[in-house]
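Tertiary structure, described
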Amino acid sequence: MPKLQGFEFWSRTLGGARHVVAPMVDQSELAWRLLSRRHGAQLCYTPMLHAQVFVRDANYRKENLYCEVCPEDRPLIVQFCANDPEVFVQAALLAQDHCDAIDLNLGCPQMIAKRGHYGAFLQEEWDLLQSMILLAHEKLSVPVTCKIRVFPEIDKTVRYAQMLEKAGCQLLTVHGRTKEQKGPLSGAASWEHIRAVRKAVAIPVFANGNIRCLQDVERCIQDTGVQGVMSAEGNLHNPALFEGRSPAVWELAEEYLDIVQQHPCPLSCVRAHLFKLWHHTLQVHQQLREELARVKTLEGIAAVSQALKLRCQEDMSRQEEGARPTGDLPFFHWICQPCIRPGPRKSTKESSGGRSKRALEEEEGSTDGLSKNKQKKQLRNPNKTFDPSLKPKYAKCDQCGNPKGNRCVFNLCRGCCKKRAFKETADCPGHGLLFKTKLEKSLTWKGTQPGLQEPQQTGPGGFSEIVGSALA
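Model, not experiment: these values are computed from the prediction.

1. Observations concerning the overall build of the chain
In terms of regular secondary structure, the chain is built from 21 helices and 11 strands. Per-residue burial over the chain gives 46% buried out of 472 residues. Counting only contacts in the chain whose residues sit at least 6 apart along the sequence, the fraction spanning at least 24 positions is 63%.

2. Brief notes about a positive patch on the surface
A surface patch of like charges, here positive, comprises Lys296, Lys372, Lys376, Lys377, Arg380 and Lys384. As for its placement among the helices and strands, Lys296 is situated in the loop between α15 (286-294) and α16 (298-318).

3. Brief notes about the packing of aromatic side chains
Here the structure, examined in full by the defined rule, presents 10 aromatic pairs. On the basis of an interplanar angle of 75° and a centroid distance of 5.3 Å, the ring pair of Trp32 and Tyr256 is categorised as edge-to-face. A residue pair is termed long-range when its members are at least 10 positions apart, and Trp32 in helix α2 (residues 30-38) and Tyr256 in helix α12 (residues 249-262) qualify at 224 residues. The buried category is assigned to Tyr256, whose relative accessible area is 0%. On the numbers, 6.5 Å between centres and 55° between planes, the contact of Trp126 with Phe151 is tilted. On the criterion of sequence distance, the pair formed by Trp126 in helix α7 (residues 126-139) and Phe151 in the loop between β6 (144-149) and α8 (154-167) is long-range, its members being 25 residues apart. Its relative accessible area of 3% is what places Phe151 among the buried residues. Grouping aromatic residues by their ring pairs yields a cluster made of Phe54, Tyr60, Tyr66 and Phe80.

4. Focus: the pattern of salt bridges
All told, the structure shown has 16 salt bridges when counted by the stated rule. Note that Lys156 is salt-bridged to Glu124, the shortest N-O span being 3.1 Å. Of this pair, Lys156 sits in helix α8 while Glu124 sits in the loop between α6 (111-116) and α7, and the two are 32 residues apart along the sequence. With a closest N to O distance of 2.9 Å, Asp315 and Arg318 form a salt bridge. With Asp315 and Arg318 both in helix α16, this residue pair falls three residues apart, about one helical turn. Judged by relative accessible area, which is 57%, Arg318 ranks as exposed. Via salt bridges that share partners, Arg33, Arg37 and Asp73 belong to a single interconnected network.

5. Here we look at the nonpolar core
Membership of the largest hydrophobic core comes to 110 residues, with the highest contact counts inside it found for Phe80, Ile102, Leu164 and Leu172. Ranked by residues supplied to this core, first place goes to α12 with eight residues. Counting residues in each nonpolar core, the second largest holds 12 residues, with Cys413, Cys416, Ala426 and Phe435 among its members.

6. Re the confidence of the model for the chain
Put simply, the chain has an average pLDDT of 87, and 88% of its residues get 70 or more. Low pLDDT, under 50, characterises residues 347-367; the predicted model gives this stretch 10 contacts beyond four residues in sequence or across chains. Note that residues 457-472 has pLDDT below 50 and, in this model, 19 contacts with residues that lie over four places away or in other chains.

7. Details of helix α20 (residues 435-447)
Across its 13 residues, α20 extends 18 Å between first and last C-alpha, which sits within 8% of the 18 Å expected from 1.5 Å per residue. Within α20, burial applies to Phe435, Leu439 and Ser442. One side of α20 holds all its buried residues, which, seen down the axis, span an arc of 65°. Exposed and facing more than 90 degrees away from the buried side of α20 are Lys441, Thr444 and Gly447.

8. Side note on the environment of Asp100
With respect to the element layout, Asp100 can be found in the loop between α5 (85-95) and β5 (101-106). Among the residues examined, Asp100 registers a relative accessible area of 15% and is labelled buried. Taking C-alpha positions, Asp100 is 7.2 Å from Thr13, a pair spaced 87 residues apart along the chain. Apart from the residues within four sequence positions on either side, Asp100 is in contact with Phe9, Thr13, Leu14, Arg74, Pro75, Leu76, Val142 and Pro143. At 2.9 Å, the side chain of Asp100 and the side chain of Arg74 are in polar contact.

9. A few points about the packing of helix α13 (residues 267-277) against α15
Two numbers describe how α13 lies on α15: the axes approach to 10 Å, and their chain directions differ by 165°. Considering the angle they form, α13 stands roughly antiparallel to α15. The two elements α13 and α15 meet at a crossing, and its hand is left-handed. Contacts from Arg271, Leu274 and Phe275 of α13 reach α15 at Arg289, Leu292, Ala293 and Arg294. In terms of residue class, the contact of α13 with α15 is built from four nonpolar, no polar and three charged.

10. Topic: the pairing of strand β4 (residues 76-81)
Buried residues dominate β4, accounting for six of its six residues. Side chains of β4 alternate between two faces, with Leu76, Val78 and Phe80 and Ile77, Gln79 and Cys81 buried alike. Two elements, strand β2 (residues 43-45) and β4, share two bridges in a ladder whose sense is parallel. Counted as the bridge partner of Tyr45 is Ile77 from β4. By the bridge criterion, two bridges tie strand β3 (residues 49-50) to β4 in an arrangement that is parallel. Across the sheet, the residue bridging to His50 is Cys81, located in β4. Handedness of the crossover joining β4 and β5 through α5: right-handed.

11. Thoughts on the state of the cysteines
For the structure on display, the rule yields zero disulfides. In this model Cys146 remains outside any disulfide bridge; the closest cysteine sulfur is found in Cys169, 3.9 Å from its own.

12. Structural notes on the side chain of Asp103
As for its placement among the helices and strands, Asp103 is situated in strand β5. In this structure Asp103 is buried but unpaired, with Lys147 as the nearest side chain of opposite charge at 7.4 Å. A polar contact of 2.9 Å, which involves the side chain of Asp103, links it to the side chain of Gln79. Setting aside chain neighbours within four positions, we find Asp103 in contact with Tyr45, Ile77, Val78, Gln79, Phe80, Phe88, Thr145, Cys146 and Lys147.

Quick notes on the rules
- Residues numbered from 1 in each chain as written.
- Predicted model: local features only at pLDDT ≥ 70, side-chain atom pairs only at ≥ 80, totals over all residues.
- Heavy atoms only, no water.
- Helix = DSSP H or I, 4+ residues; strand = E, 2+ residues; numbered from the N terminus.
- Buried < 20%, exposed > 50% of the residue type's maximum accessible area, 1.4 Å probe, protein only.
- Contact = heavy atoms within 4.5 Å.
- Patch = residues over 30% accessible without salt bridge, like charges linked within 9 Å, V, L, I, M, F, W, Y side chains within 5 Å.
- Areas by Shrake-Rupley, 256 points an atom, 1.4 Å probe, with all protein chains shown as cover.
- Salt bridge = Lys/Arg side-chain N within 4 Å of Asp/Glu carboxyl O.
- Lys, Arg positive; Asp, Glu negative; His and termini not counted.
- Charge placed at Lys NZ, Arg CZ, Asp CG, Glu CD.
- Phe/Tyr/Trp six-rings, centres within 6.5 Å; stacked < 30°, edge-to-face > 60°.
- Core = buried A, V, L, I, M, F, W, Y, C linked by side-chain atoms within 4.5 Å.
- pLDDT = per-residue confidence, 0-100.
- Expected span 1.5 Å × (residues − 1).
- Arc of directions from axis to C-beta.
- Polar contact = N/O pair within 3.5 Å; in protein donor to acceptor, adjacent residues only side chain to side chain.
- Axes fitted to C-alpha atoms, helices over the stretch in contact; angles between N-to-C directions.
- Parallel < 35°, antiparallel > 145°, perpendicular 65-115°, else oblique.
- Left-handed = near helix turned anticlockwise from the far one by under 90°.
- Nonpolar A, V, L, I, M, F, W, Y, C, P; charged D, E, K, R; others polar.
- Pairing = 2+ DSSP bridges.
- Right-handed = clockwise from strand over helix to strand, strands pointing away.
- Disulfide = S-S within 2.5 Å.

Here is the structure:
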């Protein structure tokens, strides 16, 4: 059967999907995809997979794609990050029999993508991207698709999309933010960029960004003309978003935990999903937040979720008639909320005296206001301190600068001490290195054995062969 392309691929293979769950690292695993499909999602992506690791590591392939056959999990697109045409195609060939298309991630804006040289940090390397898409389009039996972020300039974004289409991309997802728009600096996604791309290409386009409820989905399709809308954060906070419902949190939490029983996934994924679903309730019941962070089993997580349900039901019973949700929430905290991205902090560089973010964090760490990561570390180890003045001072190794052993006879770290003790056939009781002692014992033992020849001395030290046999 010939490979379907463009709109034919979208309408026949993907069933004309309009409601799409985004690829999310450690978040769009099988159990979550099945939950989302039950509540209106028509197409799902796997989490972003690292092409190079996928090629070399059979366990990685098994854990992330080959774990089990699940007919309900289709249509499915597998997303890879890659920066080498050959590696990308090798990974895609290993995955193509388990999915309906292969997607190249050109949208990840995180620092890990910058260090690994993939995602949105490839968007200026058009020759490389062209060669990757061309080779994949030629070699694969399934279509190749791309997920991109926009440039600040609309015309450059359009030319970028047209280049990918010409290279062989059969479906394009456009996230209407630049790679600099992330975290508290996200801001609104530009549907104007998405609309311009849709008008300029002859392949299906999905829009990503500014989707908080089903009304946003319909408005986006109407405003931009795209074939479908992709949701990431909105889906994590309310998996029933595509149904147009905002159910009680425990309804979806319990359903998800039931699916995880049938389709196990790492506990870190389950915990992350429960933190998202119960986000607003955990602001009210802080003690259970700590419990959820601490439990080590799926049963423990389910027990905390059940305790949260009971607390919510107690809150509901105490609620006065005509009461309104607190803060800016559209619903009470036990209802799945639309995802609202926090805006940038009001403090500016001038108000902080021109100090860097790291300097401010260090200053905060010396007071009671610890960062979230430091709070987690302190939760695991209550005796841990972050006061620089209380950190132990280590004397440095005379050779490499690493901390030296307090009882080392050479005033060195263990690595340097081991090299020197071996070279000089010496002992260092402080590091537990007994080259001289073992040599003497070896010579004594050999002297008691008739017929054994004396070992030949090698090298200027003369004892390396004996020491080697003694250590063996």
